[in-house]
Amino acid sequence: MMFAAATLALLATIALALVRAALGPTVFDRLQSANTVGTCAMLLLTVIGFLDGRPDFLDLALVYGLLNVVGTVAVLKYFRHGNLGEGGE
Amino acid sequence: MSSLVDILSWACLLCGGFFCMVGGIGLLRMPDFYTRMHAASVTETLGAGLILLGLMIQAGFTLVGAKLVMIGLLVFFTSPTASHALAKAAMGRGLKPVLAEPLPHPSFDRLRTGQALSQAGRGELHESRSD
């Protein structure tokens, strides 16, 4: 029951972030929304693992968290430098 | 004992879901990129922290609890990094924050160009400039 409530709240947050990603005037708004959706997806995986009684989903949540930050930084680097091969400043 | 654990876990999960939704609403309704980022950080710190804390109370000292601690540490270290990279990239692109009232423009301009020190003694710093 309480896991279902947290799941509903996380799904509502993902919906709000998706609306911002569709509206967002700049690319940074869309990136921030993607980052929020990634964080909420990670939390959703953990909560659904508890809801189903299968805590194996926690490993998937760890991988999602790592991919989330790597994806955000990679897209930011692409927008700053134009390609992904250059070194940073 | 078990009911106390359940009540604590309930409270943490409900508060975490509430703060996640607060962050989502702020992300949708704030007027500016920087304020939206401020709202999204609520989701990533307080919402995620409280939900993970509630799950940790349910799991106890097991392998599942250790994995939850790992996820919490991951969120704790990577979400400020991603926010910092986003804000720095937006500032580098020249995205300006929307202010409620404009800056006291002339004196700030002269302060930045270094003319304020030479003109402060003549009292010109307080006159209003129209441009």
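J.: I keep staring at the interface of chain A and chain B and nothing clicks. Help me out?
T.: Interface size is commonly expressed as the accessible surface area that is lost when the partners come together. The partner chain B presents 41 residues to the 36 residues of chain A that form the contact. At the level of secondary structure, the elements contributing two or more residues to the side of chain A that touches chain B comprise helix H1 (2-23), helix H2 (27-52) and helix H3 (57-81) of chain A. Its residues placed into classes, the side of chain A that touches chain B shows 23 nonpolar, 10 polar and 3 charged.

J.: Help me out: how do you make sense of the environment of A:Phe3 in this one?
T.: Residue and element names in this part refer to chain A. Counting through the fold element by element, Phe3 comes out in helix H1. Looking at Phe3, the number of C-beta atoms within 10 Å reads 21, which means it is buried. Note: C-alpha distance between Phe3 and Arg80 (77 residues apart in sequence) is 40 Å. Sequence-distant contacts of Phe3, defined by excluding residues within four places in its chain, comprise Val47, Phe50 and Leu51.

J.: Honestly, the nonpolar core in this entry has me stumped. Any pointers?
T.: Among the nonpolar cores identified, the biggest contains 46 residues, and A:Ala6, A:Leu10, A:Cys40, A:Leu43, A:Val47 and B:Ile51 are the most heavily contacted of them. Going through the elements one at a time, H1, H2 and H3 of chain A together with helix H1 (2-29), helix H2 (33-59) and helix H3 (63-93) of chain B are the ones with two or more residues in this core. Top contributing element to this core by residue count: H2(B), with 11 residues.

J.: For this particular structure, what's the right way to read the environment of A:Leu58?
T.: When you line up the elements, A:Leu58 lands in helix H3. When the C-alpha atoms of A:Leu58 and A:Met42 are compared, they prove to be 8.7 Å apart, with 16 residues separating the residues in sequence.

J.: How should I be thinking about the environment of B:Phe33 in this particular structure?
T.: Mapped onto the secondary structure, B:Phe33 falls in helix H2. Judged by the 22 C-beta atoms lying within 10 Å of it, B:Phe33 is buried. Sequence-distant contacts of B:Phe33, that is, excluding residues within four places in its chain, are made with A:Thr26, A:Phe28, A:Asp29, B:Ala90 and B:Leu95.

J.: Explain the confidence of the model for chain B to me, please; I cannot follow it from the model alone.
T.: For residues with low pLDDT, the predicted coordinates do not support detailed interpretation. Residues and elements named next belong to chain B. Looking at chain B, pLDDT values average 80 and 75% of them are 70 or higher. Highest mean pLDDT in chain B belongs to H1 (91); lowest belongs to helix H5 (residues 116-119) (46). In the model, residues 115-131 has pLDDT below 50 throughout and makes 12 contacts with residues more than four positions away in sequence or in other chains. Model confidence for the complex is summarised by a pTM of 0.78, with the ipTM given as 0.84.

Scoring rules and cut-offs
Residues numbered from 1 in each chain as written. Chains lettered and ligands numbered in written order. Predicted model: local features only at pLDDT ≥ 70, side-chain atom pairs only at ≥ 80, totals over all residues. Contact = placed C-beta atoms within 7 Å. Helix = DSSP H or I, 4+ residues; strand = E, 2+ residues; numbered from the N terminus. Nonpolar A, V, L, I, M, F, W, Y, C, P; charged D, E, K, R; others polar. Buried ≥ 20, exposed ≤ 12 C-beta atoms within 10 Å, placed from the backbone. Core = buried A, V, L, I, M, F, W, Y, C linked by C-beta atoms within 7 Å. pLDDT = per-residue confidence, 0-100.

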